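Secondary and tertiary structure notes
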Amino acid sequence: MWKRVHVVSLRICSKDLQKTWSAWGYRLCSSAHPPASSNKPSTQPRTQAEKAKRRREKEKTILSSDVNDVVPVWSEKEKIRYTAALLPGEKKDTSLPFPQSYSPEYVEFGWYQWWEKQGFFSPEQHGKQPHATDKYFSFCIPPPNVTGNLHLGHALTVAIEDALARWRRMQGYKVLWVPGCDHAGIATQSVVERKLLREHGKLRQDYSREEFLKEVWRWKNEKGDEIYHQLRKLGASLDWTRACFTMDPGFSSAVTEAFVRLCDSGLIYRSEGLVNWSCALESAISDIEVDSKELSGKTFLSVPGYQQKVEFGTIVTFAYLLEGQEGEVAVSTTRPETMLGDVAIAVHPNDPRYQDLHGKYCRHPFTDRLLPIIADTMVDMKLGTGAVKVTPAHDHTDFLLSQRHALPRLTVIGGDGTMTSLCGQWLEGVKRFDARERVISALMERKLFRNKQSHPMSLPICSRSGDVIEPLLKRQWFVRCQEMAQKAVQAVEDGELQIIPEFYTKMWRNWLSNISDWCISRQLWWGHQIPAYRVTLQNSVDPEEELWVWGRTAAEARERAAVKFGVNPDHITLTQDPDVLDTWFSSALFPFAMLGWPQQKEDLKQFYPNSILETGSDLIFFWVARMVMLGKELTGQLPFRQVLFHSLVRDKYGRKMSKSLGNVIDPLDVISGVSLERLQKKIKEGNLDPRESMVAMEAQEKDFPKGIPECGTDALRFALCSYKAQGDDISLSVSHVLSCRHFCNKMWQAVRFTLAVLQEASSPASLAETHPVSSMDRWICSRLYSTVRQCEEAFESYQLHTITSALHSFWVHSLCDVYLESIKPVLKQEPSDSNEQKERERQVAMSVLYHSVSISLCLLSPFMPFLTEELWQRLLPYSADSIKNPTSLCVQPYPKSSQLEHWYFPEEEADFSLAQEVVRVARLLRAQCQMTKEKPD
């Protein structure tokens, strides 16, 4: 340490650094005093445990304070005065007195309505900007489900995407960012069904399809705008004139067109196959909507439709008696209720235990059916007894065995989760997991039960309903994916499509290389009804035979049927498939359907392919892969050139956001603040199970004992972008957002100081004419230049956390903590003709201060649009170029390092770091020597 100080002292001999030190170095050293109670200051760095403890104590202090104690509140008097004076869409009057303290509500009031009315977010405004370029930047928001409110995961998406949109717009790009909502077939239908049951005591089946859909549209029209209100509140600079809902007439036409084209090309086909079935929803769901719950052994779980918890994680062994001879074959299963659908017993051909039984039969104890014993290498000899029951209609592996051995497929569990008539009267209509216990009891009675053991297993769970998935045999519509998936893999391999971060490319390749066909039928009423029609011909020989056609309209389908089957169109009866298309099918068309496809509209010509897709990493297969596959197939082009994935937002404990945990936070509650009482009321108004509600409310009471303080939109957005979004999951705490709100206040006070300086002096010189004189001026100018360079490079690589870190560091540690303090003596000098040098220093310092603040606001604008607009508008009258400046910061040119090259002084930056090191060491020595304000002995 002493050696380091000695080196510094030699370097400090330069004239400029001596001046710097004499100006402010001693003051900084003398400003840090150890606490009077400190007997022996610690010089050891804090451990991770100590840091975590201090962080927890800080959070506890912040979040246990009263909501309104933490930040100043915009008074009712002020609120009435401003809201009454400001008409909707009118520009705020920033000539009014500047409030002493920062209030998010005050700052954010009115700006968005004015931006929207002025059309700043529309690409049509592009040509009016003097810095406009011939480049475009287009993308869509991942359309949130229309069912409810946004959460903090959506807020992260908005914060990142709006930062990119605003940055490109300020760069002069022609920007189109399209808002939209997804009709969310399963989720929306479930919400409306629960509403009708709660309010009217009616089930969906009590309505006709048309009546039920009217109820859904009524609900959508009442609640659908809530999400758009949240997006506006978050400051999202979306072009609302192009807002797109996936059930809009134009979008629905695009869905129909896509289905017909894919059918015509043979990529969509109808077939009988095993699908993942949710008995709670009575609908098929896709593979990627199935979550695997890993069980280590015997476990009791809640299942929709059952009062008591159901036992899982056990394996049952029972025996089938051989037909025509003594002996038995024991089989093991985790799903004994499916044994009613067994059609064979399979063994490995090389298993010595069963060599003599190949081709023999066993007798089913309940149906009297003969079960052949077949040999197949798919059987694992080492697993269980080495013999497996074959239930083709209820197991994916068994289905493949049935294809290889021409076995029948018997469906013994219906779509509603009850046992079918094939099981016999004793089980018909019984719920599947209740039937499980009856089957075990019946096996015991017949002395065929052998044992039940705890058994680790992976349980398939419906991500939509929480139901245990039942594989069922259904005739459905499927999309052939292999060929399209290979093209999607090749696009990444060839560099045509860039995935960011790059480590997702391996996951992309592996999943698409092993993709299965995609079941797109859903047994719902809400959604795009499949434009396929079952054909019934007059005098049909086999009424059970399925004949299908498809068409953009029923009339077109009739014409196609007449040609296909060579009959008179009048002799054809068409019945449209009652099923709807998977929601992910329609949302996969979003990048081009939102631009008017299949019509070749001007938007499609200008803005397709999209420039980028930004979304959460959890949608890589749900949405992104399907967009790429269908986009390439239907338009001949990739829907976008880059895919930017961000991490998932978790709570401060690292837990996934879940309503049942009480940690799902509405971003508006962070923005405006909310009481604990209101948070808990939201839980009660939800659709949670009463037991889950209790757990959720207890968690809220622990985490937010006094509610959530008002943080503001800018602080929330800045906090979200300050995390490294392209890495591990983000554990967001409200205390971190609140610390960003304190940063907003720091900026507010810095601009108050700047305005006070500007009011007492002549207008600052233009940027080009401002040439720093003193070392301090040169240092802060160079720091600003370096910060602009950092922002440029980080934006190009989408490293937003680097930008927020650089800007926070510049504002707090360079501009506020050092430069503002160091120039106060210079600015306080009275103008004097006798000392032109001092007056020149004063004028230059004022100009440097003005441009440092003004440019910094521009740099921050994509992240903090409301606060930066408010502050920039107040600085605007002092600009030497105010006549040329645009009316809003959001269309102001983004700062370029090339404009600040005359402000780059690398030597001053390097030397000043040494001066800062002197201060640090001096403070450390002072603490070690226990020097206080009092004069030492």
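Anyway, here's the lowdown on the structure attached to this text. (Residues numbered from 1 in each chain as written. Predicted model: local features only at pLDDT ≥ 70, side-chain atom pairs only at ≥ 80, totals over all residues. Heavy atoms only, no water.)

So, the sheet that holds strand β24 (residues 572–576)
The antiparallel open sheet is built from three strands, whose spatial order is β23-β22-β24. Single-partner strands in this sheet number two, and they are β23 (548–550) and β24. Between one strand axis and the next, the sheet turns through 40 degrees on average, direction left out of account. Lying over the sheet, helix α17 (residues 554–565) contacts β22 (532–537), β23 and β24, oriented at roughly 135 degrees with respect to β23. (Pairing = 2+ DSSP bridges. Helix = DSSP H or I, 4+ residues; strand = E, 2+ residues; numbered from the N terminus. Axes fitted to C-alpha atoms, helices over the stretch in contact; angles between N-to-C directions. Contact = heavy atoms within 4.5 Å.)

Some thoughts on helix α27 (residues 775–796)
With 22 residues, α27 ought to run about 32 Å at 1.5 Å a step, and its terminal C-alpha atoms sit 32 Å apart, in line with that. By the criterion of burial, α27 is predominantly enclosed, with 16 of the 22 residues buried. Downstream of α27 by one or two residues, Tyr798 has phi in the positive range, about 60 degrees. (Expected span 1.5 Å × (residues − 1). Buried < 20%, exposed > 50% of the residue type's maximum accessible area, 1.4 Å probe, protein only.)

Observations regarding the packing of helix α25 (residues 713–721) against helix α30 (residues 865–875)
Two numbers describe how α25 lies on α30: the axes approach to 7 Å, and their chain directions differ by 125 degrees. With respect to α30, the axis of α25 lies oblique. For the pair formed by α25 and α30, the contact residues are Thr713, Asp714 and Arg717 on the first element and Pro865, Phe866 and Leu867 on the second. (Parallel < 35°, antiparallel > 145°, perpendicular 65-115°, else oblique.)

A few points about the environment of Val812
Tracing the backbone through its elements, the reader meets Val812 in helix α28 (residues 800–827). As for Val812 and Phe743, which are separated by 69 residues in sequence, their C-alpha atoms are 7.9 Å apart. Those residues in contact with Val812 that lie beyond four places of it in its chain are Phe743, Lys746 and Asp817.

Observations regarding the environment of Ala625
When you line up the elements, Ala625 lands in helix α21 (residues 620–635). Note: C-alpha distance between Ala625 and Leu512 (113 residues apart in sequence) is 8.0 Å. When near neighbours in sequence (up to four residues on either side) are disregarded, Ala625 contacts Trp508, Trp511, Leu512 and Ile620.

Thoughts on the nonpolar core
Grouped together as the largest cluster of nonpolar side chains are 137 residues, with contacts concentrated most on Leu231 and Trp811. With 67 residues, the next largest nonpolar core counts Ala488, Leu512, Ala532 and Met627 among its residues. (Core = buried A, V, L, I, M, F, W, Y, C linked by side-chain atoms within 4.5 Å.)

What about the packing of aromatic side chains?
This structure, assessed with the given rule, holds 38 aromatic pairs. With 5.9 Å between their ring centres and 55 degrees between their planes, Tyr102 and Trp748 make a pair best called tilted. One end of the pair, Tyr102, is in the loop between α5 (76–85) and α6 (104–108); the other, Trp748, is in helix α26 (residues 734–759), with 646 residues separating them in the sequence. Exposure remark for Tyr102: the relative accessible area of 0% places this residue in the buried category. Looking at Trp748, the relative accessible area reads 0%, which means it is buried. Aromatic rings pair up to connect Phe98, Tyr102, Tyr106 and Trp748 into one cluster. The ring centre of Trp115 lies 4.8 Å from the NZ or CZ of Arg166, which sits over that ring. Cation over ring: Arg480 sits above Tyr269, and NZ or CZ is 4.1 Å from the ring centre. (Phe/Tyr/Trp six-rings, centres within 6.5 Å; stacked < 30°, edge-to-face > 60°. Lys NZ or Arg CZ within 6 Å of the ring centre and 35° of its normal.)

Remarks on the environment of Arg480
Examined against the element boundaries, Arg480 turns out to sit in the loop between β18 (470–479) and α15 (482–493). Arg480 sits 37 residues away from Asp517 along the chain, and the two C-alpha atoms are 5.0 Å apart. The contact partners of Arg480, leaving out residues within four places of it in the chain, are Gly266, Leu267, Tyr269 and Asp517. Polar contacts involving the side chain of Arg480 include one to the main-chain carbonyl oxygen of Gly266, which spans 2.8 Å. (Polar contact = N/O pair within 3.5 Å; in protein donor to acceptor, adjacent residues only side chain to side chain.)

A look at the pattern of salt bridges
Side chains that differ in charge, positive against negative, can pair when their charged atoms come close. Considering all chains together, one arrives at 47 salt bridges under this definition. Between Arg560 and Glu556 there is a salt bridge, and its shortest N-O distance comes to 3.1 Å. Linking Arg560 with Glu556, this pair stays in helix α17, spanning four residues, or about one helical turn. Among the salt bridges present, the one from Arg626 reaches Asp582, with a minimum N-O distance of 3.9 Å. One end of the pair, Arg626, is in helix α21; the other, Asp582, is in the loop between β25 (580–581) and α18 (583–587), with 44 residues separating them in the sequence. (Salt bridge = Lys/Arg side-chain N within 4 Å of Asp/Glu carboxyl O.)

A closer look at the pairing of strand β27 (residues 640–646)
With respect to burial, β27 is a largely interior element, six of its seven residues being buried. Sheet topology places strand β19 (residues 498–500) next to β27; three bridges connect them, and they run parallel. When the sheet's bridge partners are listed, Ile500 is paired in β27 with Leu644. In this sheet, β27 lies alongside strand β26 (residues 610–616) in parallel orientation, the contact comprising six bridges. In the sheet register, Glu614 faces β27, and the bridge partner there is Leu644. Crossover β26 to β27 through α21 is right-handed. (Right-handed = clockwise from strand over helix to strand, strands pointing away.)

Quick look at the packing of helix α29 (residues 836–860) against α30
Contact pair α29 / α30: the axes reach a minimum separation of 9 Å and the direction vectors enclose 150 degrees. With respect to α30, the axis of α29 lies roughly antiparallel. Pair α29 / α30 crosses with left-handed handedness. On α30, the residues touching Tyr850, Val853, Ser854, Leu857, Cys858 and Leu860 of α29 are Thr868, Leu871, Trp872 and Leu875. Residues of the contact of α29 with α30, tallied by class, amount to eight nonpolar, two polar and no charged. (Left-handed = near helix turned anticlockwise from the far one by under 90°. Nonpolar A, V, L, I, M, F, W, Y, C, P; charged D, E, K, R; others polar.)

Limitation: the analysis is restricted to geometry and does not speak to function.
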